[in-house]
Amino acid sequence: DQQVKQNSPSLSVQEGRISILNCDYTNSMFDYFLWYKKYPAEGPTFLISISSIKDKNEDGRFTVFLNKSAKHLSLHIVPSQPGDSAVYFCAGISGTYKYIFGTGTRLKVLA
Amino acid sequence: SQTIHQWPATLVQPVGSPLSLECTVEGTSNPNLYWYRQAAGRGLQLLFYSVGIGQISSEVPQNLSASRPQDRQFILSSKKLLLSDSGFYLCAWSDTSYEQYFGPGTRLTVT
């Protein structure tokens, strides 16, 4: 049972435009969500998070939106830069320790 | 500041051989520790987590085991590797916040 789904395995965006990465979840008990960025052969690095009681969190070029009724969250990157090219994982947290990650979306920003 | 180390970085092992991957964290006390695996084309799968010395929770039944002999040391082991154990293994830690911090990972190839 995949509780966190990232249905788009890849996405290509032109430099300077908006990148929108989507994530759907089924577990209504998730109380926190995070986005991670991962380069090949490296560990993921934390990007941005959102509490389930919020619907938006913004940090510089990165904004995460949460729609609880639709069980959907999205990460917006504006403007996209070539250095943003990486695999992006969303994760839901149930309780304190149980992190459930999605399968990831590979973003390619074209110069 | 906190740092997390994993070794080895890459490993090629024959089927049926034992495995020992080590993870250590510096700069923090009593962290929560995690082992994940990223198999080809798949997301991050939580294998084990630990909230203290000697306390291990297993998320996925398999031929892997984990141990935490010291506060900041987490070891992933197997007595006999299978081909399906190939993947990218990541150690992570967290404290009282929701963010997890990942190590650089170990690329394991079972031949």
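These numbers come from a predicted model, not from an experiment. (Residues numbered from 1 in each chain as written. Chains lettered and ligands numbered in written order. Predicted model: local features only at pLDDT ≥ 70, side-chain atom pairs only at ≥ 80, totals over all residues. Heavy atoms only, no water.)

A.B. asks: Just to check I follow, could you spell out the pattern of salt bridges for this structure?
C.D. replies: Where charged atoms of side chains with opposite charge meet at close range, the side chains can pair. Residues and elements named next belong to chain A. Counted according to the given criterion, the structure contains four salt bridges over all chains. Of the charged contacts, one joins E58 and K56 as a salt bridge, the two residues approaching to 3.9 Å between their closest N and O atoms. With relative accessibility at 43%, the residue K56 sits in the partly exposed group. The closest approach of N and O atoms between D84 and R61, which form a salt bridge, is 2.8 Å. (Salt bridge = Lys/Arg side-chain N within 4 Å of Asp/Glu carboxyl O. Buried < 20%, exposed > 50% of the residue type's maximum accessible area, 1.4 Å probe, protein only.)

A.B. asks: For this particular structure, what's the right way to read the packing of aromatic side chains?
C.D. replies: Given two aromatic rings, one states the distance between the centres and the angle between the planes to describe the pair. For the structure on display, the rule yields 15 aromatic pairs over all chains. Here the aromatic rings of F30(A) and F33(A) are separated by 5.8 Å at their centres, their planes lie at 75°, and the arrangement is edge-to-face. According to the relative accessible area criterion, F30(A) is buried, its value standing at 3%. Counting every residue linked through ring pairs, the aromatic cluster contains Y36(A), F46(A), Y99(A), F101(A), Y34(B), Y36(B), Y49(B) and F102(B). (Phe/Tyr/Trp six-rings, centres within 6.5 Å; stacked < 30°, edge-to-face > 60°.)

A.B. asks: Quick question: what am I supposed to make of the pairing of strand β9 (residues 87-94) of chain B here?
C.D. replies: Sheet faces and side chains relate simply in a regular strand, where the side chains alternate between the two faces. All names here are of chain B. Summarising burial for β9: eight of the eight residues are buried, a large majority. The sheet contact formed by strand β4 (residues 32-38) and β9 spans seven bridges and is antiparallel. If you follow L33 over to β9, its bridge partner there is W93. With three bridges joining them, β9 and strand β11 (residues 106-110) adopt antiparallel strand pairing. Each residue of the ladder has a partner; that of F88, found in β11, is R107. (Helix = DSSP H or I, 4+ residues; strand = E, 2+ residues; numbered from the N terminus. Pairing = 2+ DSSP bridges.)

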